[in-house]
Amino acid sequence: MIKFFLMVNKQGQTRLSRYYEHVEIHKRTVLEAEVIKNCLSRSKDECSFVEYKDFKLVYRQYAALFIVVGINQTENEMAVYELIHNFVEVLDKYFSRVSELDVSFSIMFNLDRVHIILDEMVLNGCIVETNRNRILAPLFVLDKVAEG
């Protein structure tokens, strides 16, 4: 089961966080700081799976963004590793008109859309959808309604 999903920039600032288990706010900030420090300090040659306390961290780096997912011991690391990549591909497809440098800004200014994408993919810590077209369908409907 997925415990949390974080999107962090190279400076260690959290851009998106979603928790699938209750964690108190002050514990979240400590947890995020430790997790970010742990993942950002690793070299590109090291494995993207890290044992951390009572769970595992799976992370990937894309340009200036790190995506870190905390999972329990029974979750498949490779499935989560591919989920991260699929999530980035869905973001790329949705924000296709945006250059790579502007992706961070697109995410920051469209957090509601990013949360919808993540919610379509993961429900209560379980991966429920991986098909890009089905993930993006609700967003395209919202965009059509917004255009009026």
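Computed from a predicted structure; not experimentally measured. (Residues numbered from 1 in each chain as written. Predicted model: local features only at pLDDT ≥ 70, side-chain atom pairs only at ≥ 80, totals over all residues. Heavy atoms only, no water.)

Undergrad: Run through the sheet that holds strand β4 (residues 55-62), naming residues and quoting values.
TA: The sheet built from 5 strands is open, its strands ordered β2-β1-β5-β4-β3 with antiparallel pairing. Because the sheet does not close on itself, it has two edges, and the strands there are β2 (14-19) and β3 (49-52). If you compare each strand with its neighbour and ignore which way they point, the axes differ by 20 degrees on average. Here β3 runs beside β4; their pairing, made up of 4 bridges, is antiparallel. (Pairing = 2+ DSSP bridges. Helix = DSSP H or I, 4+ residues; strand = E, 2+ residues; numbered from the N terminus. Axes fitted to C-alpha atoms, helices over the stretch in contact; angles between N-to-C directions.)

Undergrad: Could you give me a rundown of helix α5 (residues 132-147), with the residues and numbers involved?
TA: An ideal rise of 1.5 Å per residue puts 22 Å on 16 residues; α5 measures up with 22 Å between its terminal C-alpha atoms. Within α5, the axis deviates most sharply at P138, by approximately 30 degrees. Those residues of α5 lying buried are I135, L136, L139 and D143. If you follow the buried residues of α5, they end up packed against α2 (77-94) and α4 (111-121). (Expected span 1.5 Å × (residues − 1). Bend = angle between axes of the 7 residues up to and from the residue. Buried < 20%, exposed > 50% of the residue type's maximum accessible area, 1.4 Å probe, protein only. Contact = heavy atoms within 4.5 Å.)

Undergrad: I'd love a proper account of the nonpolar core, names of residues and values included.
TA: The biggest cluster of nonpolar side chains holds 29 residues, and the ones touching the most others in it are F5, M7, I67, V69, F87, L91 and I117. Where this core is concerned, the elements lending two or more residues are β1 (2-9), β5 (65-71), α2, α4 and α5. With 9 residues, the single largest contributor to this core is α2. Leave out the neighbours within four places in its chain, and F5 touches L16, S17, R18, Y20, I67, V68, V69, F87 and L118. Of all hydrophobic cores here, the second largest spans 15 residues; its members include V8, Y19, V50 and Y59. (Core = buried A, V, L, I, M, F, W, Y, C linked by side-chain atoms within 4.5 Å.)

Undergrad: Just give me the short version of the environment of I71, but keep the residues and values in it.
TA: Relative to the assigned elements, I71 resides in strand β5. Separated by 15 residues in sequence, I71 and K56 place their C-alpha atoms 5.3 Å apart. Here I71 is in contact with M1, I2, K3, F55, K56, V58, E77 and V80, once residues within four sequence places are set aside.

Undergrad: Can you tell me about the packing of aromatic side chains, naming the residues and giving the values?
TA: Where two aromatic rings form a pair, the distance of their centres and the angle of their planes describe that pair. Scanning all chains against the criterion turns up 8 aromatic pairs. Geometrically, the ring pair formed by F4 and Y19 is tilted, given 5.8 Å between the ring centres and 40 degrees between the ring planes. One end of the pair, F4, is in strand β1; the other, Y19, is in strand β2, and 15 residues separate them in sequence. Summarising the burial analysis for this pair, F4 and Y19 share the class buried. Both rings, one in Y59 and one in F66, keep their centres 6.5 Å apart while their planes meet at 40 degrees; by these two values the pair is tilted. Of the residues examined, F66 reaches a relative accessible area of 6% and is grouped as buried. (Phe/Tyr/Trp six-rings, centres within 6.5 Å; stacked < 30°, edge-to-face > 60°.)

Undergrad: Just give me the short version of the pairing of β2, but keep the residues and values in it.
TA: Taken residue by residue, a regular strand's side chains alternate between the two faces of the sheet. As defined by bridge partners, β1 adjoins β2 across 5 bridges and the pair is classed as antiparallel. Paired with L6 across the strands is S17, a residue of β2. Hairpin connection of β1 to β2: 4 residues between the antiparallel strands, including G12 at a positive phi of 90 degrees.

Undergrad: Explain a nonpolar patch on the surface to me, and be specific about the residues and the numbers.
TA: A cluster of nonpolar side chains, contributed by F105, M108 and F109, occupies part of the molecular surface with about 340 Å² of accessible area. Note on placement: F109 falls in helix α3 (residues 103-109). Relative accessible area serves as the criterion here: at 64%, F109 is assigned to the exposed category. (Patch = residues over 30% accessible without salt bridge, like charges linked within 9 Å, V, L, I, M, F, W, Y side chains within 5 Å. Areas by Shrake-Rupley, 256 points an atom, 1.4 Å probe, with all protein chains shown as cover. Salt bridge = Lys/Arg side-chain N within 4 Å of Asp/Glu carboxyl O.)

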